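Topology and contacts: notes
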Amino acid sequence: MFLNFFYNPFAMKSSELKKKYIEFFKKKGHKEIINAPLVPENDPTVLFTTAGMHPLVPFLLGEKHPAGKRLVNVQKCIRTGDIDEVGDEVHLTFFEMLGNWSLGDYFKEGAIKMSYEFLTEVLGLDKNRIGVSCFLGDEDAERDNTSANAWEKLGIPKERIVFLGKEDNWWGPAGNTGPCGPDTEIFYYAGKNIPKKFNPRDKKWVEIWNDVFMEYNKIKGGGVELLEQKNVDTGMGIERTVAVLNGFSDVYEIDVLKSLMEKVSKIARGEDVRSKRIIVDHLRAAAFILNEGIAPSNLERGYVLRRLIRRAIRHGRLLGIQDRFCKEIVKEVFIVYKWNYFFREQFILDEVGKEEEKFASTLEQGLKITEKIFSKKTPIKKEKYLKLMQLPNHVEILKDLWNKKQAGKDYSIKEAKISKKEIDKAIITGKEGFLLYQSYGFPAEMIIELAMEKNLLFHRGGFRMELEKHQELSRTAMAGRFKSGLVDHSEKTTRLHTATHLLLQALRNILGDKNIIQKGSNITADRLRFDFNFPRKLTDDEIKKIEGEVNEQIIKGLEVNWKEVKLIDAKKIGITGVFEHKYGDRVKAYFIGDYSKELCSGPHVTNTNELRKFKIIKEESSSAGVRRIKAVLE
Ligand code: GLY
């Protein structure tokens, strides 16, 4: 009795929905199959499993499944396409999907009948709140009257059935090619006054289930062919359906997500619900990705993971959380899902902890630099900015503008009435973005988010160019690492490498000897060692002045650029370097503002302010006529 007092008889939990679904389809002759790994085993073209059908592709194509022709399961999924939308009421990066399959067994009528029975008889949904959509037909497949008739036979009135085109009523393939087909989607009306007619554009009609009729195979180069067998693939997102069943418009209200939201609220000082949702979604997804043995990195899956954790950390700061908090939330994920999943808890906690440590140490300073960069820009007026962002093709428009800008042409955006000047003043350049990425570990998406909060624009194309340039240089440096004296090409050694260029120029200026050249260099992660021709010991005063001049260039924030030049021209314009034939005919020259120009294969930082502070720790003799300086950066 006491417990009943707290029990809401209408509330449905995720675990109950799962149980009812699996039991129902088992009774209908389906075998339960495993919840497959998040990393697809058969498809190298995608990063994560995005739907229950994903691991079943070979069987939809005709291979025999050991469990038979009728299958059912719960599948964990990751979809990153809408990651920027996360923070609203419905978008999630990680979610669980219920699915049932027919591999060449029942088809449209059978699937629709079972779906309807489950919704109305098992879950007891109000028949009067159900609407469906069917495929309108095109050159690939005909109008799906079969499904519409099946719905009508079950009692769904005509005005509750709509026909829509491919963008709405076609599903798959999950990768670039593979099984796909028209679908029929089931909607539930979540509003108060139920309209007679079903309107798929009205947000109160919430999609809860999708029955896909996979009888086609999308082939390389476009077009579809008929599969050997007619399959059914259905997908029901658990979070969204549980929300609808409970009458919540916000998926974060459902049992599992609510526990996580409450955990965040306990730690947070701020109230911003969007930030809380982002933390919950991103750290839940991160825990499941880590559980696959993937660690944060700058590549592919590891990078998705890194972005999720870092964005969560920033939103933690926005909520006034000063301490480390990610592990606490992840521990709550373990608790919430302990009956359904086995977690590699220690690995996950260690990796989340390490990533948080790493990012938290650069976040503050990175945000300061961001503020400094942003303060030099002029935000676009709010109404114009919103208008621009609402243009469905605004990314393309901006790309186009930037291309034109590179070609030196004039431009303006008619639709949003934004002029070239306004855009120019509001752009965070690729170089600026790259500085935040390289030195402070800000993912590009985070820079976009920061820019959007201030009505600024981020030159993503320019950023990509910088990234590619840097990767190319890193490769070059790897190939010739002994030549340039670099042991590796980490961020630390890159900074020290740029410092040697400044040091050489400062030596020439302060010692008043233009003929000073590099006689050798060796860089580790902790320090640089630089040998140069000079006949005597340097005085303390000289060392101070050299140090001072290098630091002056750092504070100035000089841009670092490179150009490929002909060796012969390099000599003419006074570029420093060891002019040996090994450089070939065309050589790479690095320019640090107007201060230094030197032949070098790189890599270098993009701006001297990344070096922060330079300090000489030792000056000594190396060999006859050659001095050696050891120096560090803060
Ligand atoms: N595979 C069907 C769906 O994701 O809706």
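Residues numbered from 1 in each chain as written. Predicted model: local features only at pLDDT ≥ 70, side-chain atom pairs only at ≥ 80, totals over all residues. Heavy atoms only, no water.

Let us now look at the overall build of the protein. Scanning the protein for helices and strands turns up 21 helices and 20 strands. Of all 634 residues assigned to the protein, the portion counted as buried reaches 53%. At a minimum sequence separation of 6, the contacts of the protein that also span at least 24 residues come to 70%. Roughly 30,700 Å² of accessible area belongs to the protein as shown, and the carbon and sulfur atoms make up 51% of that amount. (Helix = DSSP H or I, 4+ residues; strand = E, 2+ residues; numbered from the N terminus. Buried < 20%, exposed > 50% of the residue type's maximum accessible area, 1.4 Å probe, protein only. Contact = heavy atoms within 4.5 Å. Areas by Shrake-Rupley, 256 points an atom, 1.4 Å probe, with all protein chains shown as cover.)

This part takes up the packing of helix 8 (residues 255-267) against helix 11 (residues 326-336). Across the interface, helix 8 lies against helix 11 with an axial gap of 10 Å and an inter-helix angle of 155°. Accordingly, the angle class assigned to the pair helix 8 and helix 11 is roughly antiparallel. Of the two possible hands of crossing, helix 8 and helix 11 adopt the one that is right-handed. Within the contact between the two elements, helix 8 uses Val 256, Ser 259, Leu 260, Lys 263, Val 264 and Ile 267 and helix 11 uses Glu 328, Ile 329, Glu 332, Val 333 and Val 336. A class-by-class count of the residues in the contact of helix 8 with helix 11 yields 7 nonpolar, 1 polar and 3 charged. (Axes fitted to C-alpha atoms, helices over the stretch in contact; angles between N-to-C directions. Parallel < 35°, antiparallel > 145°, perpendicular 65-115°, else oblique. Left-handed = near helix turned anticlockwise from the far one by under 90°. Nonpolar A, V, L, I, M, F, W, Y, C, P; charged D, E, K, R; others polar.)

Tracing the backbone shows Ile 208 in strand 8 (residues 205-218). Owing to a relative accessible area of 4%, Ile 208 belongs among the buried residues under this scheme. Along the sequence, Ile 208 and Ile 130 sit 78 residues apart, while their C-alpha atoms lie 10.0 Å from each other. In contact with Ile 208, other than residues within four places in its own chain, are Leu 119, Leu 125, Ile 186, Phe 187, Tyr 188, Gly 235, Met 236, Gly 237, Thr 241 and Val 244.

Our focus in this paragraph is helix 16 (residues 430-440). Counting buried residues along helix 16, 11 of its 11 residues qualify, which places the element largely inside the surrounding structure. Gly 441, located one to two residues past helix 16, shows a positive phi value of around 70°.

It is worth spelling out the packing of helix 19 (residues 491-511) against helix 20 (residues 540-556) at this point. In the contact formed by helix 19 and helix 20, the axes pass within 9 Å of each other and the chain directions differ by 130°. Judged on the interaxial angle alone, helix 20 and helix 19 are oblique. Note on packing geometry: the crossing formed by helix 19 with helix 20 is right-handed. Counting all contacts with helix 19, which are made through Leu 502, Leu 503, Ala 506, Leu 507, Asn 509, Ile 510 and Leu 511, the residues of helix 20 involved are Glu 542, Lys 545, Ile 546, Glu 549, Val 550, Gln 553 and Ile 554. Split by residue class, the contact of helix 19 with helix 20 holds 9 nonpolar, 2 polar and 3 charged.

Moving on, we get to the site of the ligand. Surveying the vicinity of the ligand reveals the residues Ala 51, Met 53, Arg 79, Met 97, Trp 171, Asn 210, Val 212 and Asp 233. Within the side chain of Asn 210, an N or O atom sits 3.0 Å from an oxygen atom of the ligand. Relative to its unbound accessible surface of 200 Å², the ligand loses 95% to contact with the protein. For the shell around the ligand, the per-class residue count stands at 5 nonpolar, 1 polar and 2 charged. (Near = heavy atom within 4 Å. Polar contact = N/O pair within 3.5 Å; in protein donor to acceptor, adjacent residues only side chain to side chain.)

Right, let's talk about the sheet that holds strand 15 (residues 528-533) for a bit. Spatial ordering of the open sheet is given by 14-15-20-19, a layout of 4 strands whose pairing is antiparallel. Of all the strands in the sheet, the pair left with one neighbour each is strand 14 (518-523) and strand 19 (614-623). Direction aside, the axes of adjacent strands within the sheet are offset by 20° on average. The pairing of strand 15 with strand 20 (residues 626-633) spans 6 bridges and is antiparallel. Considered in strand 20, the bridge of Phe 532 is made with Arg 627. Most of the contacts of helix 19 go to strand 15, to which it runs at about 30°, and overall it touches strand 14, strand 15, strand 19 and strand 20. (Pairing = 2+ DSSP bridges.)

Another point: the nonpolar core. Formed by 133 residues in total, the largest nonpolar core has its most connected members in Leu 17, Trp 151, Trp 209, Leu 257, Ile 289 and Phe 442. The element best represented in this core is helix 9 (residues 273-290), accounting for 10 residues. Residues contacting Trp 209, with those up to four places away along its chain left out, are Tyr 21, Phe 25, Asn 100, Ser 115, Phe 118, Leu 119, Thr 184, Glu 185, Ile 186, Thr 234, Gly 235 and Met 236. (Core = buried A, V, L, I, M, F, W, Y, C linked by side-chain atoms within 4.5 Å.)

Right, let's talk about the pattern of salt bridges for a bit. Tallied over the entire structure, the rule returns 37 salt bridges. Between Lys 618 and Glu 620 there is a salt bridge whose closest N-O contact spans 3.9 Å. The exposure class of Glu 620 is partly exposed, given its relative accessible area of 22%. Sharing partners across several salt bridges, the network here consists of Arg 274, Arg 311, Arg 314, Glu 449 and Glu 453. (Salt bridge = Lys/Arg side-chain N within 4 Å of Asp/Glu carboxyl O.)

To continue, consider the environment of Gly 462. Within the secondary structure, Gly 462 is located in helix 18 (residues 460-479). In this structure, the C-alpha to C-alpha distance between Gly 462 and Phe 434, residues 28 residues apart in sequence, is 9.0 Å.

Moving on, we come to the side chain of His 282. Within the element layout of this structure, His 282 appears in helix 9. Looking at His 282, its side chain comes within polar contact range of the side chain of Asp 281, at 2.8 Å. Non-local contacts of His 282, meaning those with residues more than four positions away in its chain, are made with Ile 83, Val 86, Thr 93, Leu 308, Arg 311 and Ala 312.

Under the counting rule described, the total for this entry stands at 29 aromatic pairs. Ring-pair connections join several aromatic residues into one group, and the members of that group are Phe 94, Phe 288, Phe 334, Tyr 337, Tyr 341 and Phe 343. Over the ring of Phe 347 we find Arg 344, and its NZ or CZ is 5.4 Å from the ring centre. Its guanidinium or amino end placed over the ring of Phe 591, Lys 563 lies 5.3 Å from that ring's centre, counting from NZ or CZ. (Phe/Tyr/Trp six-rings, centres within 6.5 Å; stacked < 30°, edge-to-face > 60°. Lys NZ or Arg CZ within 6 Å of the ring centre and 35° of its normal.)

Below, the discussion takes up the confidence of the model for the protein. Looking at the protein, pLDDT values average 88 and 89% of them are 70 or higher. Per-residue pLDDT stays below 50 along residues 579-584; that stretch engages in 7 contacts with residues further than four places along the chain or on separate chains. (pLDDT = per-residue confidence, 0-100.)

So, on to unusual backbone geometry. Residue Pro 173 is reached from Gly 172 by a cis peptide bond, and omega for that bond is 0°. On the secondary structure map, Pro 173 appears in the loop between strand 6 (170-171) and strand 7 (178-189). Here Glu 300, not a glycine, exhibits a phi torsion of approximately 45°, which is positive. Tracing the backbone shows Glu 300 in helix 10 (residues 300-318). Backbone geometry places Arg 612, a non-glycine residue, at a positive phi of 60°.

Our next topic: the pairing of strand 3 (residues 94-103). Within strand 3, 10 of the 10 residues are buried, which leaves the element mostly enclosed by the surrounding structure. Sheet topology places strand 2 (residues 70-78) next to strand 3; 9 bridges connect them, and they run antiparallel. In the sheet register, Val 74 faces strand 3, and the bridge partner there is Leu 98. Note: strand 3 against strand 9 (residues 224-237), 5 bridges, orientation antiparallel. Bridging across to strand 9, Met 97 finds its partner in Gly 237.

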